[in-house]
Amino acid sequence: MSDYTVGDLVAEFLQQAGVDTVFGVVSVHNIPMLDALGRRNAVRVVGTRGEMGAGHMADAYARARRGLGCFFTSTGPGAANAPGALVEARFAASPVLHITGQTATANIDKEQGAVHDVMDQLGMLRSTCKGAYRVRAPEMALGVLMKAATEALTPPMGPVSIEIPIDVQRAAISRPAMLDSLKVAPPAPDAASLDALASMAAKAKRPMLWCGAGARYAGAAVERLTKLGFGVVTSVNGRAVVPETHPMSLGAFQATPEVEKFYETVDFMLIAGGRVRGHETRDLGLKLPANRAQIDVDPAACGRTYSVEHFHVGDAEAALTALADRLEGRMNVEAGWSDAIAAVRKETRQNYRKQLGPYANFPEIFREAMPDDCYWVRDVTMNNTTWGNRVIPLSKPEQNIYPVGAAIGPGFQFGIGAAFGAGGRKVVAITGDGGFYLNMTELWTAVQEKPDVAIVIFNDAGYGVIKDIQDTLYGARHYFADPIGPDMKGLAELAGLPYFRVDSEAEMGPQLKAAIDHDGPTLLEVDMTKIGKLPRYYAPPPYAAKAAE
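Residues numbered from 1 in each chain as written. Predicted model: local features only at pLDDT ≥ 70, side-chain atom pairs only at ≥ 80, totals over all residues. Heavy atoms only, no water.

**Thoughts on the overall build of the protein chain**
Part 1 of the reasoning: Helix and strand counts for the protein chain stand at 23 helices and 17 strands.
Part 2 of the reasoning: Here the C-alpha radius of gyration of the protein chain, 24 Å, is about what a compact globule of 549 residues would show, namely 24 Å.
Part 3 of the reasoning: Oriented by its inertia axes, the alpha-carbon framework of the protein chain measures out at about 75 × 60 × 45 Å.
Part 4 of the reasoning: Counting every position in the protein chain, which comprises 549 residues, the buried fraction comes to 57%.
Part 5 of the reasoning: Partitioning the intrachain contacts of the protein chain with sequence separation of at least 6 by distance along the chain shows that 76% fall at a separation of at least 24. (Helix = DSSP H or I, 4+ residues; strand = E, 2+ residues; numbered from the N terminus. Rg over C-alpha atoms; globule rule 2.2 N^0.38 Å. Buried < 20%, exposed > 50% of the residue type's maximum accessible area, 1.4 Å probe, protein only. Contact = heavy atoms within 4.5 Å.)

See the structure below:
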């Protein structure tokens with residue numbers, strides 16, 4: 001009788017798939033898998049304080065590492081705590097494997113009242129994931145694991161859940177030899193479609209490339225295209241496909257008034273791996289260049305937001321590489337095109353900073369204090385949605401980690417997860433007080449596991465964005481927007497974390513540097529009530545027009 005079980009298979013599969021750290025909460029319905037991970041001692045297990053936190057950490061780990069992330073939950077209520085994190089990973093196209101237990105096979109979906117069983121758990125997970133599967137017999141385990149990991153890593157990437165019933169986890173099996181060869185193959189490019197795309201691009205005198213999340217790792221191809229004359233602009237999730245200091249890059253300033261006016265002079269825009277979603281185009285009100293083409297791995301993306309003259313179905317990196325091959329020696333861009341890009345870049349950055357009020361110098365302060373290879377992790381907080389998402393220049397896409405789904409709360413959990421995927425590089429994670437309160441129990445995960453992350457809390461003593469909206473549209477009635485919270489210094493002392501505090505702009509640089517220089521997790525509080533308010537939240541149309549009345 002083999003002493004190798006499905007639990008062992010799961011543990012070895014993750015190791016063979018290149019995962020060196022997983023996150024989760026141990027429970028009655030996942031012990032065989034976590035026990036196997038513990039016995040093998042080849043993959044680190046970070047024990048979190050909640051399943052949602054585990055999911056956010058696995059997501060940030062995947063983004064920082066540019067590979068597969070994984071987290072474990074129990075079945076039933078435990079699995080039901082995961083969808084918030086799964087939704088964010090789906091928004092971010094983050095390859096996350098969620099492995100959950102399930103009641104014994106004989107009891108599934110029979111309403112027999114076994115521990116933790118809920119009706120149609122798989123349906124709940126399917127509604128939030130790219131895919132969700134159940135291992136229905138021990139012999140199926142490797143096939144389901146391979147299918148799920150392949151699906152998570154295949155563009156458009158995203159989270160995939162697997163249910164493994166407790167009796168299946170315990171079942172003895174023979175070790176599959178297939179474990180030694182795991183591969184994911186992207187779709188092959190369509191040569192005729194690429195030829196047509198190259199013909200369009202070759203005619204351009206002022207070409208621009210819009211890079212979204214699907215193209216964020218296509219840096220080598222994008223660099224080649226810039227040398228052929230393409231300017232680059234990115235979505236926030238596509239940041240740093242080439243370093244944001246690159247002279248041909250506008251960074252993530254894709255929708256400022258200066259850039260929109262500049263688009264009028266662009267005669268060809270290629271959108272690669274980006275949804276061009278309403279959140280970053282003023283609810284699709286942004287005027288893009290009239291002559292447009294698009295590359296996306298999902299055929300359904302054609303016309304979903306903006307119409308295009310040509311749509312190429314394929315992986316963005318492979319397509320851009322093939323396009324660069326076809327365009328060598330064929331481009332003839334207008335003289336002075338690079339100077340025009342530099343001019344609008346300078347103008348938009350200068351004007352953007354003027355809108356930041358007392359925080360106008362904070363991007364430079366943070367950039368100077370952070371190491372060049374520091375990972376820049378954020379929650380949805382006003383300091384992020386204003387300057388954090390755009391002004392601090394980043395050099396690599398994996399440095400850019402934030403809640404793409406725009407939910408508050410994941411920020412400092414992202415910071416913990418990113419620290420385990422960052423290969424020893426420092427992580428700085430900013431959050432607001434409201435977002436921090438949602439999951440602050442994960443502070444104790446940071447204390448226990450010692451990730452190298454500086455947690456920076458911008459504390460304005462309430463939900464600042466909500467108050468701005470209430471001021472603009474609801475008669476300044478601040479209903480339910482003032483949650484009380486703990487004294488941050490006392491909380492840090494209780495958790496055993498080094499604590500730093502900032503009450504003025506002059507203190508920001510030295511205190512941040514001290515927090516960063518400390519080895520391991522730290523907590524830094526920025527008292528916005530002393531520094532001053534950020535300029536009022538700008539609501540997108542149609543709310544902006546209504547607010548102006």
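**Regarding the sheet that holds strand β17 (residues 522-527)**
Part 1 of the reasoning: Strand order in the open sheet formed by six strands is β13-β12-β14-β15-β17-β16, with parallel pairing between adjacent strands. At either end of the open sheet lies a strand with only one pairing partner, and these are β13 (400-401) and β16 (499-502).
Part 2 of the reasoning: In the sheet, strand β12 (residues 375-378) pairs with β13 via two bridges, with the strands oriented parallel. Residue V377 lies in a different strand from β13, and its bridge partner there is I401. (Pairing = 2+ DSSP bridges.)

**Details of the sheet that holds strand β3 (residues 69-73)**
Part 1 of the reasoning: Strands sit in the order β2-β1-β3-β4-β6-β5 across an open sheet of six strands; the sheet is parallel. Two strands in the sheet have a free side with no partner beyond their single neighbour: β2 (44-47) and β5 (131-134). Pairwise comparison of adjacent strand axes, ignoring direction, gives a mean angle of 25 degrees for this sheet.
Part 2 of the reasoning: Inspection of the sheet shows β3 paired to strand β4 (residues 96-102) by five bridges, in the parallel sense. Within the sheet, the bridge partner assigned to F72 lies in β4 and is I99.
Part 3 of the reasoning: Relative to the sheet, helix α3 (residues 51-65) contacts β1 (21-24), β3 and β4, its axis offset from that of β3 by approximately 170 degrees. (Axes fitted to C-alpha atoms, helices over the stretch in contact; angles between N-to-C directions.)

**Overview of the nonpolar core**
Part 1 of the reasoning: Grouped together as the largest cluster of nonpolar side chains are 76 residues, with contacts concentrated most on V10, L14, F23, F72, L97, I99 and I164.
Part 2 of the reasoning: Look past the residues within four positions of L14 in its chain and what remains in contact with it is V19, V22, C70, F72, L97 and I99.
Part 3 of the reasoning: Listed in part, the 53 residues of the second largest apolar core include L250, F362, I365 and M382. (Core = buried A, V, L, I, M, F, W, Y, C linked by side-chain atoms within 4.5 Å.)

**A few points about the pattern of salt bridges**
Part 1 of the reasoning: Per the stated rule, a full pass over the model turns up 28 salt bridges.
Part 2 of the reasoning: Here D20 makes a salt bridge to R65, at a shortest N to O gap of 3.1 Å. Taken together, the positions of D20 in the loop between α1 (6-16) and β1 and R65 in helix α3 put the pair 45 residues apart, joining distant regions of the chain.
Part 3 of the reasoning: Residue D20 is classed as partly exposed on the basis of its relative accessible area, which comes to 31%.
Part 4 of the reasoning: For R65, a relative accessible area of 34% corresponds to the partly exposed category.
Part 5 of the reasoning: Salt bridges here are not isolated pairs; linked through shared partners, they connect R501, D503, E525, D527 and K530. (Salt bridge = Lys/Arg side-chain N within 4 Å of Asp/Glu carboxyl O.)

**Observations regarding the packing of helix α10 (residues 219-227) against helix α12 (residues 316-327)**
Helix packing for two helices is described by the angle between their axes and how far apart those axes are.
Part 1 of the reasoning: Between α10 and α12, whose axes approach to 8 Å, the crossing angle comes to 30 degrees. Taken together, the axes of α10 and α12 lie roughly parallel to each other. The chirality of how α10 crosses α12 is left-handed. Of α12, the residues touching α10 (which contributes A221, V222, R224 and L225) are E317, L320, T321, A324, D325 and L327. (Parallel < 35°, antiparallel > 145°, perpendicular 65-115°, else oblique. Left-handed = near helix turned anticlockwise from the far one by under 90°.)

**Observations regarding the side chain of R216**
Part 1 of the reasoning: Along the chain, R216 turns up in the loop between β7 (207-211) and α10.
Part 2 of the reasoning: One buried charged side chain, R216, makes no salt bridge at all; its nearest oppositely charged neighbour is D59, positioned 7.3 Å away.
Part 3 of the reasoning: In this structure the side chain of R216 is engaged in a polar contact, spanning 3.3 Å, whose partner is the side chain of N237. (Lys, Arg positive; Asp, Glu negative; His and termini not counted. Polar contact = N/O pair within 3.5 Å; in protein donor to acceptor, adjacent residues only side chain to side chain.)

**Concerning α10**
Part 1 of the reasoning: Every buried residue of α10 is accounted for by G219, A221, V222, L225 and T226. Seen from one end, α10 has its buried residues packed into an arc of 160 degrees, which puts them on one side. Every exposed residue of α10 that faces more than 90 degrees away from the buried side is listed here: A220 and K227.
Part 2 of the reasoning: Residues of α10 that are buried make contact with β7, β8 (231-234) and α12.
Part 3 of the reasoning: Following α10 by one or two positions, G229 has its phi on the positive side, about 120 degrees. (Arc of directions from axis to C-beta.)

**Some points on the packing of aromatic side chains**
Two descriptors summarise a pair of aromatic rings, namely the distance from one centre to the other and the angle between the planes of the rings.
Part 1 of the reasoning: For the structure on display, the rule yields 15 aromatic pairs.
Part 2 of the reasoning: Grouped by ring-pair contacts, the aromatic residues Y359, F362, F366, W376, W387 and F458 constitute a single cluster.
Part 3 of the reasoning: Residue placement shows R63 over the ring face of F414; its charged tip is 4.9 Å from the ring centre. (Phe/Tyr/Trp six-rings, centres within 6.5 Å; stacked < 30°, edge-to-face > 60°. Lys NZ or Arg CZ within 6 Å of the ring centre and 35° of its normal.)

**Some details on the packing of α1 against helix α2 (residues 31-40)**
Part 1 of the reasoning: At a closest axis distance of 7 Å, the pairing of α1 and α2 adopts a crossing angle of 55 degrees. What the angle tells us is that α1 and α2 run oblique. Remark: the crossing between α1 and α2 carries right-handed chirality. Residues G7, D8, V10, A11, E12 and Q15 of α1 form the contact with α2, whose participating residues are P32, M33, A36, L37, R39 and R40.
Part 2 of the reasoning: Broken down by class, the residue content of the contact of α1 with α2 amounts to six nonpolar, two polar and four charged. (Nonpolar A, V, L, I, M, F, W, Y, C, P; charged D, E, K, R; others polar.)

**Observations concerning helix α13 (residues 337-354)**
Part 1 of the reasoning: The end-to-end C-alpha separation of α13 is 27 Å, in line with the 26 Å expected for 18 residues at 1.5 Å each.
Part 2 of the reasoning: Along α13, the positions that sit buried rather than exposed are W337, I341, V344, R345, T348, R349 and Y352. For α13, the buried positions fall inside an angular range of 130 degrees around the axis, keeping them on one side. Residues of α13 that are exposed and angled more than 90 degrees away from the buried face: D339, K346 and K354. (Expected span 1.5 Å × (residues − 1).)

**So, the environment of R134**
Part 1 of the reasoning: Note that R134 resides in strand β5.
Part 2 of the reasoning: Counting along the chain gives 27 residues from R134 to S161, while the straight-line C-alpha distance between them is 8.5 Å.
Part 3 of the reasoning: Side-chain polar atoms of R134 contact the side chain of E163, separated by 2.6 Å.

**Topic: unusual backbone geometry**
Part 1 of the reasoning: That bond from P155 to P156 is cis: its omega, -10 degrees, falls within 30 degrees of zero.
Part 2 of the reasoning: Its identity is not glycine, yet D283 carries a phi of approximately 55 degrees, on the positive side.
Part 3 of the reasoning: Turning to its location among the elements, D283 is positioned in the loop between β9 (268-272) and β10 (292-296).
Part 4 of the reasoning: Judged by its relative accessible area of 45%, D283 is partly exposed.
Part 5 of the reasoning: The backbone phi angle of L284 is positive, close to 65 degrees, even though this residue is not glycine.
Part 6 of the reasoning: Structurally, the position occupied by L284 is in the loop between β9 and β10.

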